[in-house]
Amino acid sequence: MSEIKKIAVLAGDGIGPEVCAEAVKVLKAVGQVWGHDFQFNEGYVGAAAIDAKGDPYPQETHNLCLNSDAILFGAIGDPKYDNDPNAKVRPEQGLLRMRKALGLYANIRPVTAYEALLDSSPLKHERISDTDLVIFRELTGGIYFGKPSGRSENDQEAFDASLYSRQEIRRIAIKAFEAAKKRKNKVTLVDKANVLATSRLWRDEVKDLHKSEYKDVELDYLFVDNAAMQLILNPSSFDVLLTENMFGDILSDEASVIGGSLGLLPSASVGDSTALYEPVHGSYPQAKGKNIANPIATILSAAMMLETSFNMVDAANSIRQAVKDSLNEKIGTEDLFKSNPHTTSDVGDYIKGKILKKEKV
Ligand SMILES: NC(=O)c1ccc[n+]([C@@H]2O[C@H](COP(=O)([O-])OP(=O)(O)OC[C@H]3O[C@@H](n4cnc5c(N)ncnc54)[C@H](O)[C@@H]3O)[C@@H](O)[C@H]2O)c1
Ligand SMILES: CC(C)[C@H](C(=O)O)[C@@H](O)C(=O)O
Ligand SMILES: [Mg+2]
């Protein structure tokens, strides 16, 4: 047995607990096959934390994160807050505070097209079949965190400021260039430099870094409106997309259409402290408790955890292969296979079963 890896499990709201349960199931199977000892410790976050502790990111959850080797995160968000514009405290504040407090400035969101799902994709085969791109979304700056933010005194106006420093841009750009070197060697900076001062600073800094340290990586630039179109028309032209917080949020949900469902997209958030792994999707409240949500995004986030935080590359790949095998056998939830859907827990059991049957490669 290897040394114990402590994993904080912050399941959150809506479908969060259901999809996290499947990822934990799969991680336990991996532990059994590969001889890894994972210890899971649960913590409150989001609306569940407001209900239990009066705070969407309580200090005890922060301490748990700091004392863990990795964090598995489900989703936060609840209609009772979404439908109340005057709510004093919101689940989303917990997620943002957590990202900031843990210094998780780089959110890495890979997008793949699966052979087994090409038929059900709303997009044309020949456009999407070679898709293999990854979005590097800046996660702790920009309009999400800029000050001032709020309402004017007479309540007739509201404002959100966007702010970026060169250092914030440079540190994530380094991660994007380093990733590109191990992939198809291309970075596309997505911005709105024709309008925004922050975007022009991004171009300036990324160009400078490219010239001084990454000349051998191909670098190009796209305005975000054009990028949104090119992602659908020509997704295989991309390798690494580098972009700011808000553009990355929007483009990643859009990119999920390529694979066939938002329920397939995993992510890793890395930075100064314990890394966090979470599906790109939200708490999908309409599906809460129905055992219909797709758990694959969270299961693949667990694979990213194994690779990125624990350097267990083969074990991570065994999860990815088990997911592919399951999809090839048409095992999937209703977002993927409408005519003969499997439940959330069936999909998790199936993927777990594939891992348990596999010899170590
Ligand atoms: N990281 C997060 O925790 C996160 C991310 C996005 C949204 N949210 C929150 O989630 C709540 C709901 O937001 P929303 O409806 O805009 O976004 P959402 O991602 O929860 O759902 C949007 C749509 O995507 C599909 N979908 C999402 N997850 C799926 C899954 N696992 N399987 C199958 N289909 C899936 C469904 O069709 C759903 O209607 C809000 O409170 C929002 O703030 C949280
Ligand atoms: C819930 C919200 C704050 C969050 C974001 O915008 O970052 C979500 O959409 C995401 O993509 O993780
Ligand atoms: Mg989002």
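An unreviewed UniProt entry annotates the protein as 3-isopropylmalate dehydrogenase originating from Mangrovivirga halotolerans. We quote the UniProt Catalytic activity (unreviewed entry) comment for the protein here in full: "(2R,3S)-3-isopropylmalate + NAD(+) = 4-methyl-2-oxopentanoate + CO2 + NADH".

S.K.: Any chance you could explain the sheet that holds strand β4 (residues 106-112) here in plain terms?
M.R.: Hydrogen bonding along the main chain pairs the strands of a sheet, whether they run parallel or antiparallel. Strand order across the open sheet formed by ten strands is β2-β1-β3-β12-β11-β4-β5-β10-β8-β9, with mixed pairing between neighbours. Taken across any chain shown, the strands that pair with only one partner, and hence form the sheet edges, are β2 (38-42) and β9 (218-223). Pairs of neighbouring strands in the sheet enclose a mean axial angle of 25°, with direction left out of account. With seven bridges connecting them, β4 and strand β5 (residues 132-138) associate as antiparallel partners. Within the sheet, the bridge partner assigned to Ile108 lies in β5 and is Phe136. Sitting on the sheet, helix α1 (residues 16-34) touches β1 (5-12), β2 and β3 (70-75), and the angle it makes with β1 is about 160°.

S.K.: Before we go on, may I ask you to explain the pairing of β3 in this structure?
M.R.: Along a regular strand, successive side chains alternate from one face of the sheet to the other. Most of β3 is tucked away: six of the six residues are buried. In the sheet, β1 pairs with β3 via five bridges, with the strands oriented parallel. From the neighbouring strand, Ile7 faces β3, where its bridge partner is Ala70. The pairing of β3 with strand β12 (residues 276-279) spans two bridges and is classified as parallel.

S.K.: I would appreciate a short explanation of the site of ligand 2 in the present structure.
M.R.: Neighbouring ligand 2 are the residues Glu92, Arg99, Arg109, Arg137, Tyr144, Asp249 and Val280. The separation between an oxygen atom of ligand 2 and a polar side-chain atom of Arg99 is 2.7 Å. The side chain of Arg137 places a nitrogen or oxygen atom 2.7 Å from an oxygen atom of ligand 2. In the shell around ligand 2, the residues fall into two nonpolar, no polar and five charged.

S.K.: Explain the site of ligand 1 here, please?
M.R.: Around ligand 1, 21 residues are found, and the nearest of them are Ile76, Asp82, Glu92, Gly282 and Tyr284. One nitrogen or oxygen atom from the main chain of Tyr284 is found 2.8 Å from an oxygen atom belonging to ligand 1. Between ligand 1 and the protein, one listed contact pairs a nitrogen atom with a backbone N or O atom of Asn294 at 2.9 Å. Alone, ligand 1 offers 800 Å² of accessible surface; in the complex the protein occludes 72% of this. Sorting the residues of the shell around ligand 1 by element identifies β3 and α5 (91-101) as the ones contributing at least two each. Its residues assigned to classes, the shell around ligand 1 shows ten nonpolar, six polar and five charged.

S.K.: I keep staring at helix α11 (residues 296-308) and nothing clicks. Help me out?
M.R.: Quick reminder: α-helices carry 3.6 residues per turn. Residues three or four places apart thus point the same way. With 13 residues, α11 should reach 18 Å at 1.5 Å per residue; the first-to-last C-alpha distance of 18 Å fits that figure. Of all 13 residues making up α11, eleven are buried, and the element is well covered by its neighbours.

S.K.: Please clarify how the UniProt feature "binding site: Mg(2+)" (unreviewed entry) in the protein should be interpreted in this entry.
M.R.: Summarizing the sequence annotation, UniProt attributes the feature "binding site: Mg(2+)" (unreviewed entry) to Asp225, Asp249 and Asp253 in the numbering used throughout. Note on placement: Asp249 falls in helix α10 (residues 245-259). With sequence-adjacent residues up to four places away left out, Asp249 is seen in contact with Arg109, Arg137 and Tyr144. Structurally, the position occupied by Asp253 is in helix α10. Residue contacts for Asp253: discarding those within four places in its chain leaves Leu262 and Val280.

S.K.: Explanation requested: the side chain of Thr61 in the structure shown.
M.R.: Positionally, Thr61 belongs in helix α3 (residues 59-66). For Thr61, the residues in contact, after removing those within four places along its chain, are Leu10, Gly43 and Tyr44.

Rules behind the numbers
Residues numbered from 1 in each chain as written. Chains lettered and ligands numbered in written order. Predicted model: local features only at pLDDT ≥ 70, side-chain atom pairs only at ≥ 80, totals over all residues. Heavy atoms only, no water. UniProt positions renumbered as here; feature names shortened; annotations may be inferred. Pairing = 2+ DSSP bridges. Helix = DSSP H or I, 4+ residues; strand = E, 2+ residues; numbered from the N terminus. Axes fitted to C-alpha atoms, helices over the stretch in contact; angles between N-to-C directions. Contact = heavy atoms within 4.5 Å. Buried < 20%, exposed > 50% of the residue type's maximum accessible area, 1.4 Å probe, protein only. Near = heavy atom within 4 Å. Polar contact = N/O pair within 3.5 Å; in protein donor to acceptor, adjacent residues only side chain to side chain. Nonpolar A, V, L, I, M, F, W, Y, C, P; charged D, E, K, R; others polar. Areas by Shrake-Rupley, 256 points an atom, 1.4 Å probe, with all protein chains shown as cover. Expected span 1.5 Å × (residues − 1).

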